[in-house]
Amino acid sequence: QAKNKGRGRYVLFDQSLHTKLIDQLNQESELRKALKEGSLEFVFQPVVNLSSNEVAAVEALVRWQHPNLGLLKPADFLEMAHDTGLILQIDKQAVAHACEYLQHRDLSKDKALISVNLSSRILCDETAFAQLLETLSSIGDTVQGLILEFTEKGIDNIEQVVGCFATLRALGVRIALDDFGAGIASLALLYSGELDFVKVDAKLIHRAEQDLAQRRFATSIVNIGHEQGFIVIAEGIETELMKETAETMGCLFAQGQLLAEAVSSDEFYRQLLAELSAEDVTLTNRAS
Ligand code: C2E
Ligand code: MG
Ligand code: MG
Ligand code: MG
C-alpha cells in the first residue's frame with residue numbers, strides 16, 4: 001500500500017516513528033530522573049470489611065507528578081516502565097515505602113495490612129528477587145503486615161512463580177493474585193496453595209452485577225477461595241448494587257470508589273490512621 005504511493009510515504013512513516021521514539025526516550029529519562037529524585041508518589045486506597053465497614057488493608061498505588069504533563073496514572077507510564085525495565089525500580093520504591101511505614105506505625109492503633117503491587121518481572125530477575133528478599137528479611141516480624149499483589153500478566157512459568165510465592169510466604173509476607181478474571185484466570189494458580197488473597201477484577205464484578213450467569217461463575221470463584229483457604233476481595237465497587245452483588249457472591253472484603261477513594265499519603269497518615277480503631281481489623285475469611 002505504502003509502496004504504491006512512492007518514497008514520500010516511507011519518509012513520513014519514518015518521521016512519525018522517529019518522533020515517537022524521541023518522546024519515549026524523553027519520558028524514559030524523565031522517569032529515571034523522577035525515580036532518582038524520589039518524586040514518584042503513592043496514593044492509598046482502603047480495602048473494606050463489608051460487614052463492619054472497617055478498613056482491613058490499604059493498597060499503595062503509584063502516581064507520577066510529571067513536570068509538563070501533570071499528574072500521571074499507572075496507565076500512562078507503566079507500559080513504558082515495563083519495556084525499559086524501570087518497573088523494577090518503581091516496585092522497589094513501593095516496597096521500601098511500605099516497609100518504612102510498617103516499621104514506624106503504632107500497632108496498638110493500626111493493624112491494617114498494607115498492600116503493594118509488584119510486576120511479575122521481579123520474580124524472574126534473580127538480582128531483583130534477592131534484593132526483595134533481603135528488604136523483607138530486614139524488617140523482621142513486621143513483614144506480616146505486608147501483602148504483595150501480582151497479576152497473571154507476564155507469568156509464563158507457573159511452577160517457578162509458585163516457588164517464588166512459597167519463598168516469600170515463608171518470610172511471613174502475604175500474597176494476593178490481582179485482577180483475577182481480567183486475563184486467562186489460571187486455575188493452576190488458584191490451586192497452588194500459595195495464595196492468601198484473590199482480588200476479583202472490577203470488570204468481572206461489573207459483569208456479575210448485570211448478568212446472572214456471570215454472577216454464578218463469580219460466586220464459584222468465591223467458593224473455591226473459601227475452600228482453598230484464601231480470601232476473595234471484590235474490586236471496583238462503584239455503586240450500591242455492585243456492593244450488594246459482591247455480598248451476594250459471598251465476598252467479605254471489597255475495594256472501590258463507593259467504599260473509599262484513594263487518598264494522598266499526607267491524607268492517609270493524617271485522616272485514615274486517626275479513624276482506625278484499636279480493634280482487631282485483620283483480614284479473616286470467617287464471617288464475624
Ligand atoms: P490494581 O492493582 O487492580 O489497582 C486498582 C485500580 O482500580 C487502581 O487504578 C484504582 O485507582 C482503581 N479503582 C479504584 N476504585 C475503583 C472503582 O470503584 N472502579 C474501578 N473501575 N476502578 C477503581 P490505578 O491506580 O490507576 O492503578 C492501575 C494499575 O496499575 C493497578 O491496578 C496495578 O496493577 C498497577 N499499579 C499501581 N501501582 C503500581 C506499582 O507501584 N507497581 C506496579 N508494578 N503496578 C502498579
Ligand atoms: Mg492491586
Ligand atoms: Mg486489581
Ligand atoms: Mg488493575
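Provided above is the structure to which this section pertains.
These figures come from a predicted structure and were not determined experimentally.

K.L.:
Hey, could you run me through the overall build of the protein chain in this one?
P.N.:
Scanning the protein chain for helices and strands turns up eleven helices and nine strands. Across the 288 residues that make up the protein chain, the buried fraction comes to 44%. Element-wise, carbon and sulfur atoms account for 50% of the exposed surface of the protein chain, whose accessible area totals about 15,200 Å².

K.L.:
Help me understand the environment of Glu-54 in this model?
P.N.:
Here Glu-54 shows up in the loop between strand E1 (40-49) and strand E2 (55-66). For Glu-54, a relative accessible area of 21% gives the class partly exposed. Here the alpha-carbon distance between Glu-54 and Phe-253, two residues 199 residues apart in the chain, equals 9.7 Å.

K.L.:
Would you mind going over the packing of aromatic side chains with me for this structure?
P.N.:
Here a ring pair, both rings aromatic, is described through the centre-centre distance and the interplanar angle of the planes. Summed over all chains, the structure comprises four aromatic pairs. Between the aromatic rings of Trp-64 and Phe-77, the centroid separation amounts to 5.4 Å while the plane-to-plane angle is 85 degrees, which identifies the pairing as edge-to-face. Of the two residues, Trp-64 sits in strand E2 while Phe-77 sits in helix H2 (residues 74-84), which places them 13 residues apart along the sequence. Taking the relative accessible area as the measure of exposure, Trp-64 reaches 1% and is therefore buried. Assessed through its relative accessible area of 0%, Phe-77 is described here as buried.

K.L.:
Teacher, can you tell me more about the nonpolar core here?
P.N.:
In globular proteins that are soluble, nonpolar side chains generally tend to be buried together. Of all hydrophobic cores here, the largest spans 73 residues; its most connected members are Leu-148 and Leu-168. Among the elements that take part in this core, helix H3 (residues 87-104) stands out by supplying nine residues, more than any other. With near-sequence residues (within four places) excluded, Leu-148 lies in contact with Val-116, Leu-118, Leu-132, Leu-136, Leu-168, Val-173, Arg-174, Ile-175 and Ala-176. Residues Val-47, Ile-147, Ala-176 and Phe-253 belong to the second largest nonpolar core, which totals ten residues.

K.L.:
Sorry, what's going on with the site of ligand 1 here?
P.N.:
Near ligand 1, the surroundings consist of 24 residues, among which Arg-63, Asn-117, Asp-178, Glu-238 and Gln-257 are the closest. The separation between an oxygen atom of ligand 1 and a polar side-chain atom of Glu-59 is 2.9 Å. Residue Val-62 places a main-chain N or O atom 3.1 Å away from a nitrogen atom belonging to ligand 1. For ligand 1, whose unbound accessible area comes to 810 Å², protein coverage reaches 79%. Elements with a minimum of two residues in the shell around ligand 1: E1, E2, H2, H3, strand E6 (174-180) and helix H8 (202-210). In terms of residue class, the shell around ligand 1 is built from nine nonpolar, seven polar and eight charged.

K.L.:
Any chance you could explain the side chain of Ser-119 here in plain terms?
P.N.:
Relative to the helices and strands, Ser-119 is located in the loop between strand E4 (113-117) and helix H4 (121-124). Here the side chain of Ser-119 touches His-82 through a polar contact of 3.4 Å, side chain to side chain. Apart from the residues within four sequence positions on either side, Ser-119 is in contact with His-82, Ile-87, Asp-91 and Phe-150.

Calculation notes
- Residue numbers restart at each chain and count upward from 1, following the sequence in its written direction.
- Each chain is given a letter, starting from A, and each ligand a number, starting from 1, according to the order in which they appear as written.
- Given that this is a predicted model, residues contribute local features only at a pLDDT of at least 70 and side-chain atom pairs are listed and counted only at 80 or more, while totals for whole chains, interfaces and linings are drawn from all residues.
- As a convention, hydrogens and water are excluded, and side-chain values are obtained from all of the structure's heavy atoms.
- Secondary structure elements are taken from DSSP: a helix is a run of H or I of four residues or more, a strand is a run of E of two residues or more, and numbering for both begins at the N terminus.
- Exposure categories follow from relative accessible area, calculated using a 1.4 Å probe and restricted to protein chains: below 20% of the type maximum is buried, above 50% is exposed, and the middle band is partly exposed.
- Methods summary: accessible areas were calculated by the Shrake-Rupley approach with a probe of 1.4 Å, and residue burial reflects only the protein chains presented.
- In this analysis, rings of Phe, Tyr and Trp, with Trp reduced to its six-membered ring, are considered paired at centre separations within 6.5 Å, and the interplanar angle assigns stacked below 30 degrees, edge-to-face beyond 60, and tilted for intermediate values.
- Residue types Ala, Val, Leu, Ile, Met, Phe, Trp, Tyr and Cys, when buried and joined through side-chain atoms within 4.5 Å, form a set referred to as a nonpolar core.
- Contact between two residues is taken to exist if any of their heavy atoms lie within 4.5 Å; hydrogens are not considered.
- Here a residue is considered near a molecule or strand provided that any single heavy atom belonging to it is located within 4 Å of it.
- We call two N or O atoms a polar contact when they sit within 3.5 Å, provided that within protein one can donate a hydrogen and the other can accept it, with sequence-adjacent residues counted only if both atoms are side-chain atoms.
- Residues are grouped as follows: nonpolar covers Ala, Val, Leu, Ile, Met, Phe, Trp, Tyr, Cys and Pro; charged covers Asp, Glu, Lys and Arg; every other residue, Gly included, is treated as polar.

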